[in-house]
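Structural features, examined
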Amino acid sequence: MSTNTTRPSPKRLSLAARLAHFLQRTPIHIAVIVLSLLWMEPAISLLVSSFRPPNLVSTTGWWTAFKLPFQFTLELYRESLTTSGMGQSFVNSLFITIPATVIPIMIAAFAAYAFSWMEFPGRNILFVIVVGLLVVPLQMTLIPVLRLYVKLKLVGTFPGIWLAHTAYGLPLAIYLFRNFFSTLPRDILESAYLDGASSFTAFFRLVLPLSVPAIASLAIFQFLWVWNDLLVALIYLGGYPDVAPLTVTISNLVTSMGQGWQLLTAAAFISMALPLFLFLTLQRFFVRGLLAGSVKG
Amino acid sequence: MLGSRLITAIVVVVGVPAATVGYVALVEWLVGRLPFIWRRRLRPWLWAGPALAFLGVYLVYPMVYTFVLSFKNANSSKFVGIDNYKYVFTNASSLTTLRNNLYWLVLLAGAVVVFGLLFAVLFDRVRYEPVVKGVIFLPMAISFVAASVIWKLQYDYQPLGVAQTGTFNGLIVALGGQPVAWLVDRAVNNFALILVGVWMWTGYGMVILSAALKGIPVELIEAARVDGATEIQILFRIIIPMMGSTIAVVATTMVINALKAFDIVYVMTSGNYGTDVMANQMYKQMFLFNNFGVASAVAVVLLIAIVPVMLINIRRFRIQEALR
């Protein structure tokens, strides 16, 4: 780390100096590349395992897959999609995640609009409460909400889990939106009102289009959070396999399969595919949201 | 079956978004009919109303209710004073749980800050920074359940003589050592679980710390170099002190994550072999032992541990507002 002191433009240096500069920096390159490879190794071993024949995956190490003869197959994917209910769980995960992302974003945006552009008594103290609620552990809410759900027959239903995820996602969403809205130039809104625009028009035609970056950050946050959630689904959807999302189905299989759990490598990869795709395409929004809202656990 | 799933799909894609927009349209239509003074008074409450109702019903009211339940017996039929808290702080298995959360707290926060800082500083020096950052960051996109399956493959154990299937034991045996039952052996299993958390969260620490690092003026570091400071001195005397508040943000976030740790423990060991944590203990008290009193007491202890972070957040928010 202490080798490189300055970074002169390589163009101005002679070949020998450039070579010396490069050699000086090799320890850094080696460290960076070794660390990245170490970090990737667990995921790579999963990926390799998921393409191995079922009988080999639980009896030999994944690294033996690189010995001749190569034996790669899609057997595990076929099996987990058809026999263990993974296909249905995938659809359930979508059914749970899409509304549980849309509802809190809309509701939070309405509230943040009121918090940043309208005057009402108690506005500041209510917002401080929202900031406080950012870090409340879900555990504090599980028993009372579950009891309420039993009474209202919402246990094991999609609307039940949509509403729960909506509430749990709201504090961060309101916080981020309100911070974002308050950076929008005030005169744009005021001139819109002067031109006779209603709050409805101002919100949907002006504020929301200007907030696309904030909405994108929040959407990917909430989507990943709900898609990857285990605890909330376990509590409110627990015993009902026909509505269980991927996380619940896989974790049930892990605990019930004992020694044969290696067959789940393909299932785990199926559950990672969509979040990884979204993450890679929307990474910059994710990072922006992370930086803006680094207060929530 | 297929019909009902089709209906669900339509509700999911069309019905839900339409309902939320419809709410505001309805509110504005109603408000528009009111005299001006009422319009101004009522409108904010109607816009903020759904959110405030959700927070009240799902967060504020349950917190109060759970607090009350924590002083009641298993089926909440009578008050038992502080018995549930006595259980949490004296029962042997519950004490193990508290100790494990302490391990999680110290090691997860420490490791994420140290690795996050190391990666941020190291990667800042190479031109392919975005690629390697992406590698470290990627585990954040996947679920703890998937991560647990990934790491079960790392920690898998077979007795000596049988072909090893886990990466670590494969390596140990190839080097002539004895295989270790990583998830069962009480000397190592907690640390094995925490390592999974570190693998998941280091990307978060790296991104936040890297952004702060790039905010430090280059002239400052150049000036120190000209004055003959070594890179190590620059790191400890300039970079780390200037990033103090950011390091605190990362550390407090990890403290919360450590206290709430659940999925990894639930999937990998179910809290067996001395690896239980508070969130899993609460789950077990709820669904295995049907003891809602102790379950609530565990939740309250968790909340109390988080209250300092909550106050820090509120204070930081107030300072930000004052600067606006």
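All residue numbers refer to position in the chain's written sequence, counted from 1. Chains and ligands are labelled sequentially in the order written, the chains with letters from A and the ligands with numbers from 1. It should be noted that, the model being predicted, local features are given only for residues of pLDDT at least 70 and side-chain atom pairs only at 80 or more, the latter also being counted only at that level, while totals for whole chains, interfaces and linings use all residues. Excluding hydrogens and water, the side-chain figures rest on all heavy atoms present in the structure.

1. Regarding the overall build of chain A
Counting its regular elements, chain A contains 14 helices and zero strands. Counting from the N terminus, the helices are DSSP H or I runs at least four residues long and the strands are E runs at least two residues long. Moving toward the C terminus, one meets the helices and strands of chain A in the order α-α-α-α-α-α-α-α-α-α-α-α-α-α. Taken against the 2.2 N^0.38 rule, which gives 19 Å for 297 residues, the C-alpha radius of gyration of chain A at 25 Å runs more than 25% over that of a compact globule. Seen through its C-alpha atoms, chain A measures out along the principal axes to roughly 75 × 65 × 35 Å. Residues classed as buried in chain A amount to 53% of the 297 residues present. In chain A, 73% of the contacts between residues at least 6 apart in sequence involve partners at least 24 apart. Computed by Shrake-Rupley with a 1.4 Å probe, the accessible areas treat only the displayed protein chains as cover when residues are assessed. Summed over all atoms, the accessible surface of chain A reaches about 12500 Å², with 69% contributed by carbon and sulfur. With the radius of gyration taken over C-alpha atoms, the globule rule is written as 2.2 Å times the number of residues to the power 0.38. Only protein chains enter the accessibility calculation, which uses a 1.4 Å probe. A residue is then buried if its area is under 20% of the maximum for its type, exposed if over 50%, and partly exposed in between. Two residues qualify as a contact provided that any one of their heavy atoms is within 4.5 Å of a heavy atom in the partner residue.

2. Let's talk about the side chain of H29 of chain A
One can find H29 of chain A in helix α1 (residues 15-50). Those residues within four positions of H29 of chain A in sequence are excluded, and the remaining contacts are V126 and Y128 of chain B.

3. As for helix α5 (residues 129-137) of chain B
Since the α-helix advances by 3.6 residues per turn, residues separated by three or four positions end up pointing in the same direction. Of all the nine residues making up α5 of chain B, seven are buried; the element is thus mostly covered by neighbouring parts of the structure. Three or more residues of α5 of chain B are buried, namely E129, V132, K133, G134, V135, I136 and F137 of chain B.

4. Some thoughts on a nonpolar patch on the surface
All names here are of chain A. Like-charged residues are merged into a patch within 9 Å and nonpolar side chains (Val, Leu, Ile, Met, Phe, Trp, Tyr) within 5 Å, provided each residue has over 30% relative accessible area and no salt bridge. Salt bridges are identified by distance alone: a Lys or Arg side-chain nitrogen within 4 Å of an Asp or Glu carboxyl oxygen. A cluster of nonpolar residues, W63, F66, L68, F70 and F72, forms a patch on the protein surface that exposes about 570 Å² of accessible area. Position of W63 among the secondary structure elements: in the loop between α2 (54-57) and α3 (75-82). A relative accessible area of 30% means that W63 is categorised as partly exposed.

5. Focus: the interface of chain A and chain B
Across the boundary between the two partners, chain A contributes 120 residues, which contact 113 residues of chain B. Approximately 10400 Å² of surface area, both sides summed, lies buried where chain A meets chain B, with 76% of it carried by carbon and sulfur atoms. Where chain A meets chain B, there are one salt bridge. Two residues, E321 of chain B and R178 of chain A, come together in a salt bridge whose shortest N-O distance is 3.0 Å. It is α1 of chain A that provides the largest number of residues to the side of chain A that touches chain B, a total of 16 residues. Buried area counts how much accessible surface, traced with a 1.4 Å probe, disappears from two parts once they are put together, with both parts' losses summed.

6. Thoughts on the confidence of the model for chain A
One confidence number per residue, pLDDT, is output by the predictor and ranges from 0 to 100. Summary statistics for chain A give a mean pLDDT of 84 and a share of 93% for residues scoring 70 or more. Note that residues 1-6 of chain A has pLDDT below 50 and, in this model, 15 contacts with residues that lie over four places away or in other chains.

7. Points about the packing of aromatic side chains
For any pair of aromatic rings, the description consists of the separation of the ring centres together with the inter-plane angle of the planes. The pairing test for Phe, Tyr and Trp rings, Trp by its six-membered ring, is centres within 6.5 Å, and the orientation test on the planes gives stacked under 30 degrees, edge-to-face over 60, and tilted for anything in between. One pass over the full model with this rule turns up 46 aromatic pairs over all chains. Ring centres of F120 of chain A and W45 of chain B lie 5.0 Å apart, and the angle between their planes is 65 degrees; this geometry places the pair in the edge-to-face category. With one member in each of two chains, F120 of chain A in the loop between α4 (86-117) and α5 (123-133) and W45 of chain B in helix α2 (residues 36-69) form a pair that bridges those chains. Looking at F120 of chain A, the relative accessible area reads 8%, which means it is buried. On the accessibility criterion, W45 of chain B (35% relative accessible area) is partly exposed. A ring pair is formed by Y149 of chain A and Y236 of chain A, whose centres lie 5.2 Å apart and whose planes are at 45 degrees; its orientation type is tilted.

8. Thoughts on the nonpolar core
Working definition of a nonpolar core: buried Ala, Val, Leu, Ile, Met, Phe, Trp, Tyr and Cys residues. They are joined through side-chain atoms within 4.5 Å. One finds Y113, I174 and Y236 of chain A together with W104 of chain B to be the most contacted residues of the largest nonpolar core, which totals 201 residues. Of all the elements, α4 of chain A adds the most residues to this core, at 17 residues. All the domain ranges listed were derived from an automatic or database domain assignment. Both domains that meet at this core, namely domain 1 (2-69) and domain 2 (83-323) of chain B, each give it at least three residues. The residues touching Y113 of chain A, leaving out its near neighbours within four places in the chain, are M118, F181, L189, Y193, S199, A202, F203 and V207 of chain A together with W47 of chain B. In this structure, L76, Y77, A266 and I270 of chain A belong to the second largest nonpolar core, which totals five residues.

9. Description of the side chain of S49 of chain A
All names here are of chain A. When you line up the elements, S49 lands in helix α1. Of the residues examined, S49 reaches a relative accessible area of 1% and is grouped as buried. Polar contact is defined as a pair of N or O atoms within 3.5 Å, subject to the rule that within protein one atom must be able to donate a hydrogen and the other to accept it, and that residues adjacent in sequence are counted only when both atoms are side-chain atoms. Separated by 2.9 Å, the side chain of S49 and the backbone oxygen of S45 make a polar contact.

10. A short note on the packing of α4 of chain A against helix α7 (residues 158-181) of chain A
Residues and elements named next belong to chain A. Note on definitions: angles span 0 to 180 degrees between N-to-C directions of axes, and those axes are lines fitted to C-alpha atoms, for helices only across the stretch in contact. Between α4 and α7, the shortest axis-to-axis distance is 6 Å and the interhelical angle comes to 40 degrees. Comparing their axes, α7 and α4 come out oblique. Here α4 and α7 pass one another in a crossing that is right-handed. The classification used treats Ala, Val, Leu, Ile, Met, Phe, Trp, Tyr, Cys and Pro as nonpolar, Asp, Glu, Lys and Arg as charged, and all other residues, Gly among them, as polar. Taken together, the residues of the contact of α4 with α7 break down into 23 nonpolar, four polar and one charged. Note on terminology: angles under 35 degrees are roughly parallel, angles over 145 are roughly antiparallel, angles of 65 to 115 are roughly perpendicular, and the others are oblique. The sense of a crossing depends on the near helix, which, turned anticlockwise from the far helix by less than a right angle, makes the crossing left-handed and, turned clockwise, makes it right-handed.

11. Side note on unusual backbone geometry
Residues and elements named next belong to chain B. Notably, S76 is not glycine yet its phi reads approximately 60 degrees, a positive angle. Its location among the elements puts S76 in the loop between α2 and α3 (83-90). Using a relative accessible area of 11% as the deciding quantity, one classes S76 as buried. At S270, a residue that is not glycine, the phi angle is positive and equals roughly 55 degrees. Topologically, S270 is positioned in the loop between α12 (263-268) and α13 (278-287).

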